[in-house]
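Topology and contacts: notes
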Amino acid sequence: MVANLYKKLNKIWRVLATGFCFAVFGFGGILLTLLILPIQRFLEPCEFKRKQKARLTVHYSFKFFVALMHYTGAIHFSVQDKQKFHDLKGQLVLANHPSLIDVVVLISVIKNADCVVKAHLFKNPFMRGVIKGTGYISNEDPQELLNECEASLAAGNNLIIFPEGTRTTPGEQLKFKRGAANIAARCKAPITSVLISMKPSTLTKGTPWYCVAATKAHFEMRFATDPFTFNDTFNNEQPAMQARQLTRDLQHYFSEELRHL
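Calculation notes
Residues numbered from 1 in each chain as written. Predicted model: local features only at pLDDT ≥ 70, side-chain atom pairs only at ≥ 80, totals over all residues. Heavy atoms only, no water. Core = buried A, V, L, I, M, F, W, Y, C linked by side-chain atoms within 4.5 Å. Buried < 20%, exposed > 50% of the residue type's maximum accessible area, 1.4 Å probe, protein only. Contact = heavy atoms within 4.5 Å. Pairing = 2+ DSSP bridges. Helix = DSSP H or I, 4+ residues; strand = E, 2+ residues; numbered from the N terminus. Axes fitted to C-alpha atoms, helices over the stretch in contact; angles between N-to-C directions.

Moving on: the nonpolar core. Counting 44 residues, the largest nonpolar core has F85, I101, L106 and M221 as the members making the most contacts within it. In this structure, L106 is in contact with F85, V93, A95, I160, F162, V194, I196 and M221, ignoring residues within four places of it in sequence. Core analysis: the next-biggest nonpolar cluster, separate from the first, contains 26 residues, I137, I161, A181 and Y253 among them.

To continue, consider the sheet that holds strand β4 (residues 137-138). Spatially, β1-β7-β6-β2-β5-β3-β4 is the arrangement adopted by the seven strands of the open sheet, whose pairing is mixed. The open sheet has two edge strands with one neighbour each: β1 (75-79) and β4. Where strand β2 (residues 92-95) lies against strand β5 (residues 158-161), three bridges are found, and the strand directions are parallel. Across the sheet, the residue bridging to V93 is I160, located in β5. Against the sheet, helix α4 (residues 102-109) engages β1, β2, β3 (113-117), β5, β6 (191-199) and β7 (217-223), with an angle of about 50° to β7.

Residues K199 and P200 are joined by a peptide bond in cis, for which omega reads -10°. By the secondary structure assignment, P200 is in the loop between β6 and β7. For K188, which is not a glycine, the phi torsion comes out positive at approximately 55°. Phi at L203 takes a positive value of approximately 55°, unusual for a residue other than glycine. With respect to the element layout, L203 can be found in the loop between β6 and β7. Residue L203 is classed as buried on the basis of its relative accessible area of 3%.

Next comes the structure, spelled out in structure tokens:
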């Protein structure tokens, strides 16, 4: 009976802790949008340096958020090889996408991170100022998207992409879209594969934030053991064929790697 009472109290605490953390996240987004990033824009006339500073600010803000979730007991985080994440440069960072906070954790450990965001987030009052200030890339125009991704990687940024395009539905197999493959084929950037797990599943697609798991969730992130390599015949194919084949290869590769988690 005592054990059951402890589980119930622990779950109630994790709901409250999660709500508090997301409230802090929302307030932080408003603070960055209305105060911190405008001050940076005023003090730094160079657009390139201004975006760098904005991304570094977001990096430390997300690092604080992850630490807050960890130490309040909302979620336990484990990130392997943090120094390796810190040292990345000019990489196309591909990762699976099981939870709402995957990109937050990735940016919290990668200083010079860029990412592709959904166009509707540019209208989100909590995020639009941050997205515009950092120069994160919108997926609204496919051709412009490819141009901006190529320029970002050439500048030494690490470009974070989720090949699924959206969060994984628990219990279903991975299903990759061609966006990541098109970017990889166009930019010819080295690929870094990152594996993410959230056990038990929480903050998944279609699940409200307050529907926490019965026990504390453990978020684990690490580099894939075997790096992804392009098919030998890849460069001899037409762009459309390249994207289709590369999408299949990436989907198979991640599915196999995730089996070992």
